[in-house]
Amino acid sequence: MARSTTTRRKTINTLAAWTVGLLIFFPILWTILTSFKTEATAIADPPVFLFFDWTLENYAVVQERSDYMRFLWNSVIIAGGSTLLGILVAVPAAWSMAFVPSKRTKDILLWMLSTKMLPAVGVLYPIYIIFIEAGLLDTRIGLTLVLMLINLPIIVWMLYTYFREIPGEILEAARMDGATLKEEILYILTPMAIPGIASTVLLNIILAWNEAFWTLNLTAAKAAPLTAFIASYSSPEGLFYAKLSAASTMAIAPVLILGWFSQKQLVRGLTFGAVK
C-alpha cells in the first residue's frame, strides 16, 4: 500500500532538493557569470554577483588567442574513441565474468578495481618512455589508448553489474535455438542491456572529457584537448580569472548540452525502448 504524503512534506522535500541542486550547480554558475566580467570586476572584493557591466570581450580574446574548434575536435575524438574502444573490450569481458565465471573472477574484478587506486604519477615515466619509443607522444591515438585503459576497469565493473541482472536462462534459450556466441552478445545480450550500456557510455565520456593529468603530460599542441586549452590560461604572467572562466565555459558547454540531451532523449528513449 502506497504511503501517503502531505502537501507540506512535498513542498519541503521540493525546496530541499532545489537547494541542494543549486548549491551543487553554483560553482558552474559563478564560472559562467565571471566569464562575462572584466578582469577588474572578476577580482573585486566583495564579489559582484549579477549587477555588473556585462561584456563579451573575454570570449573574443580567447577565440583570437586559441583555436577553440581544434581543441574541441580533439576532445570529441579522444573521449568518443576511448569510450568506443572501451565498450568493445568491456562487453565481451563483462559477459564472460557474468555468465561464465571462474573461481578467479572475483579476484580479477578486485584486481582491476585496485589499479584505479594507483597514483597516475607512479606510471607516468614508463608510459612516457613507451610513447616516445612508439611515436605516440602528442597524438590522438596514444591519448585515446591511455584513457581507454584507465577507464576500462570502471566500464567492466558497471557492465558486469548490469549483466548480472539479466537472467541467464534467456541466453541459454538462445543457444538452444542455435545462436552463436557473436549472435548471443549482439542480438540478445546487448539489446537487453542498452540502458546500462548507455549510462556506462555517458559516464566514460565525462571521465575522458574531464581528464587533465594525462592530457597535459602526453600532449603538447597537435592532440591537446579542451583541458589543455583551459590550463593554458594559467601562466607565469598571472591568473586571468575572467578569461579563464570564459575558456572554462566554452569547454563545459558541450558537456552541459550532452547532459541535457542525454537526460531528455538518450537515456529516456533507450530505457523506454528496452521496457517496451
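Computed from a predicted structure; not experimentally measured.

Novice: Please clarify how the packing of helix H5 (residues 105-114) against helix H7 (residues 140-164) should be interpreted in this entry.
Specialist: Each pair of packed helices gets described by two things: the angle between the helix axes and the distance between those axes. Look at H5 against H7: their axes get within 8 Å of each other, and the N-to-C directions meet at 140°. In terms of their interaxial angle, H5 and H7 are classed as oblique. Like other packed secondary-structure pairs, H5 and H7 cross with a definite hand, here left-handed. Of the residues in H7, those in contact with Leu109, Leu110, Met112 and Leu113 of H5 are Leu152, Pro153, Val156, Trp157 and Tyr160. Here the residues of the contact of H5 with H7 are counted per class, giving nine nonpolar, no polar and no charged.

Novice: I would appreciate a short explanation of the nonpolar core in the present structure.
Specialist: Proteins that are soluble and globular tend to have nonpolar side chains buried together. The biggest cluster of nonpolar side chains holds 29 residues, and the ones touching the most others in it are Val62, Trp214, Leu226 and Phe229. Setting aside residues no more than four positions away along its own chain, Leu226 makes contact with Tyr68, Phe71, Leu72, Ser75, Trp209 and Ala251. Counting 23 residues, the second largest nonpolar core, distinct from the first, contains Ala98, Met148, Tyr160 and Ala193.

Novice: Explanation requested: the side chain of Thr249 in the structure shown.
Specialist: Summarising the element assignment, Thr249 is placed in helix H13 (residues 241-275). According to the relative accessible area criterion, Thr249 is buried, its value standing at 11%. At 2.8 Å, the side chain of Thr249 forms a polar contact with the backbone oxygen of Ser245. Apart from residues lying up to four places away in sequence, Thr249 is in contact with Thr31, Ile32, Ser35 and Tyr59.

Novice: Explain the packing of aromatic side chains to me, please; I cannot follow it from the model alone.
Specialist: Two descriptors summarise a pair of aromatic rings, namely the distance from one centre to the other and the angle between the planes of the rings. In the structure shown here, the tally under the stated rule is nine aromatic pairs. Judged by centre distance (6.0 Å) and plane angle (15°), the ring pair of Trp30 and Phe49 falls under stacked. In this pair, Trp30 is assigned in helix H1 (residues 7-34) and Phe49 in the loop between helix H2 (39-42) and helix H3 (57-65), connecting sequence segments 19 residues apart. For Trp30, a relative accessible area of 26% puts it in the partly exposed group. With a relative accessible area of 34%, Phe49 lands in the partly exposed category. Taken together, a centroid distance of 5.3 Å and an interplanar angle of 45° make the contact between Phe36 and Tyr59 tilted. Of this pair, Phe36 sits in the loop between H1 and H2 while Tyr59 sits in helix H3, placing them 23 residues apart in sequence. Tyr59 carries the same exposure label as Phe36, and that label is buried. One aromatic cluster is present, built from ring pairs that chain together Phe36, Phe52, Trp54 and Tyr59. The ring of Phe52 is capped by Lys37, whose NZ or CZ atom sits 5.3 Å from the centre of that ring.

Each value, and the rule that gives it
Throughout this document, residue positions are counted from 1 along each chain, in the order its sequence is written. With pLDDT at 70 or above as the cut-off, local features in this predicted model cover only qualifying residues; side-chain atom pairs require 80 or more to be listed or tallied, and sums for whole chains, interfaces and linings still use all residues. Note that the side-chain values use all heavy atoms of the structure and ignore hydrogens as well as water. Axes here refer to lines fitted to C-alpha atoms; in helices the fit is confined to the stretch in contact. Angles between the N-to-C directions go from 0 to 180 degrees. Numbering goes from the N terminus for both helices and strands, where a helix is a DSSP run of H or I of at least four residues and a strand is a run of E of at least two. Put simply, angles under 35 degrees are roughly parallel, angles over 145 are roughly antiparallel, angles from 65 to 115 are roughly perpendicular, and the rest are oblique. Each crossing is labelled by how the near helix is turned from the far one, with a counterclockwise turn of less than a right angle marking it left-handed and a clockwise turn marking it right-handed. Only heavy atoms enter the contact rule, under which two residues are in contact if any of them lie within 4.5 Å. Lys, Arg, Asp and Glu make up the charged group, whereas Ala, Val, Leu, Ile, Met, Phe, Trp, Tyr, Cys and Pro make up the nonpolar group; the residues left over, Gly among them, are polar. Here, nonpolar core means buried Ala, Val, Leu, Ile, Met, Phe, Trp, Tyr and Cys residues that are tied together by side-chain atoms lying within 4.5 Å of each other. Any residue under 20% of the maximum accessible area for its type is buried, any over 50% is exposed, and the rest in between are partly exposed; the area is computed with a 1.4 Å probe on protein chains only. Identification of polar contacts relies on pairs of N or O atoms within 3.5 Å, with a donor-acceptor requirement for protein atoms, meaning one able to donate a hydrogen and the other able to accept it, and with residues adjacent in sequence counted only if both atoms are side-chain atoms. Side-chain rings of Phe, Tyr and Trp (the six-membered ring for Trp) are treated as a pair once their centres are within 6.5 Å; stacked means planes under 30 degrees apart, edge-to-face means over 60, and tilted covers the remaining angles. Note on geometry: a ring has a charge over it if NZ (lysine) or CZ (arginine) is within 6 Å of the ring centre and within 35 degrees of the ring normal.

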